[in-house]
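# Commentary on secondary and tertiary structure
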Amino acid sequence: AIVDGKANLPVVGVRPVDAQAYVAWRSELEGRSFRLPSEAEWALAAGAALGYRMPNDAPGYRTNGEFTPPLKPAGEHIEDESPFGVRGLLANARELVTSALDDGAFLAKGAGVGDEPDEGAIYRLRQVGADEQHRTTGFRIVQELP
């Protein structure tokens, strides 16, 4: 998608502590509660409860582990769409989530540009240290409803 003449690219290279700081800032700014999704919420949005397995070889997004393909604008790659219409959970940027065990751990779900095809399996997760930074990892936020 193009917004104000610029590609609406996902933000990557974000540490979990920075994502948490953004969530706190945004919550205060808007007076609404935001947070990172849990691993279970991410998997549900991807269609895991329906037995859906997102394609893990979306064309044009990975090249043998090299970070050569460019990031795509958010929402542009329709071959990466869950049964619920959520786009970009795979093959563009990994996403930070919180542990389903509620143990304070941060995880990364999905696959980023340059990941090997099997890295994007919907059930795969990677533990991420609070200060770790990966060039293909970003985040989404969840707005909690009152």
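Just so you know, these numbers come straight off a predicted model, no measurement behind them. (Residues numbered from 1 in each chain as written. Predicted model: local features only at pLDDT ≥ 70, side-chain atom pairs only at ≥ 80, totals over all residues. Heavy atoms only, no water.)

The next point concerns the overall build of the protein chain. Looking only at helices and strands, the protein chain features two helices and eight strands. Scanning the protein chain from its N terminus toward the C terminus, one meets helices and strands in the order β-β-α-β-α-β-β-β-β-β. Per-residue burial over the protein chain gives 39% buried out of 146 residues. Once local pairs closer than 6 in sequence are excluded, the contacts in the protein chain between residues at least 24 apart make up 64%. Element-wise, carbon and sulfur atoms account for 53% of the exposed surface of the protein chain, whose accessible area totals about 7,900 Å². (Helix = DSSP H or I, 4+ residues; strand = E, 2+ residues; numbered from the N terminus. Buried < 20%, exposed > 50% of the residue type's maximum accessible area, 1.4 Å probe, protein only. Contact = heavy atoms within 4.5 Å. Areas by Shrake-Rupley, 256 points an atom, 1.4 Å probe, with all protein chains shown as cover.)

What follows is about the packing of aromatic side chains. Throughout the structure, instances matching the rule amount to two aromatic pairs. Plain terms: the ring middles of tyrosine 22 and tryptophan 25 are 5.6 Å apart, the flat faces sit at 45 degrees to each other, and that makes the pair tilted. Of this pair, tyrosine 22 and tryptophan 25 both sit in helix α1 (residues 16-30), separated by three residues, roughly a single helical turn. Members of the aromatic cluster, connected to one another through ring pairs, are Tyr22, Trp25 and Phe139. Note that arginine 26 overlies the ring of phenylalanine 34, its terminal NZ or CZ placed 4.8 Å from the centroid. (Phe/Tyr/Trp six-rings, centres within 6.5 Å; stacked < 30°, edge-to-face > 60°. Lys NZ or Arg CZ within 6 Å of the ring centre and 35° of its normal.)

Sheets are built from strands that pair by backbone hydrogen bonding, the pairs being arranged parallel or antiparallel. With mixed pairing, the four strands of this open sheet are ordered in space as β6-β5-β4-β7. The open sheet has two free edges, formed respectively by β6 (126-128) and β7 (137-139), since each of these has just one partner strand. Sheet twist, expressed as the mean angle between neighbouring strand axes with direction ignored, is 45 degrees. Relative to β6, strand β5 (residues 106-109) runs antiparallel, the two being bridged by three bridges. In the strand pairing of β6, alanine 108 is matched with arginine 126. Across the face of the sheet, helix α2 (residues 39-46) comes into contact with β4 (94-98) and β5 while running at roughly 130 degrees to β4. (Pairing = 2+ DSSP bridges. Axes fitted to C-alpha atoms, helices over the stretch in contact; angles between N-to-C directions.)

For the rest of this paragraph, the subject is the nonpolar core. In terms of nonpolar packing, the biggest core is built from nine residues, these being Val14, Ala19, Val23, Phe34, Leu36, Leu96, Phe106, Ala108 and Val128. For this core, the secondary structure elements donating two or more residues are α1 and β5. Contacts of phenylalanine 34, omitting those with residues within four sequence positions, involve Val23, Arg26, Ser27, Ile141, Val142 and Gln143. Counting eight residues, the second-largest nonpolar core is a separate cluster that includes Ala43, Ala46, Ala48 and Leu107. (Core = buried A, V, L, I, M, F, W, Y, C linked by side-chain atoms within 4.5 Å.)

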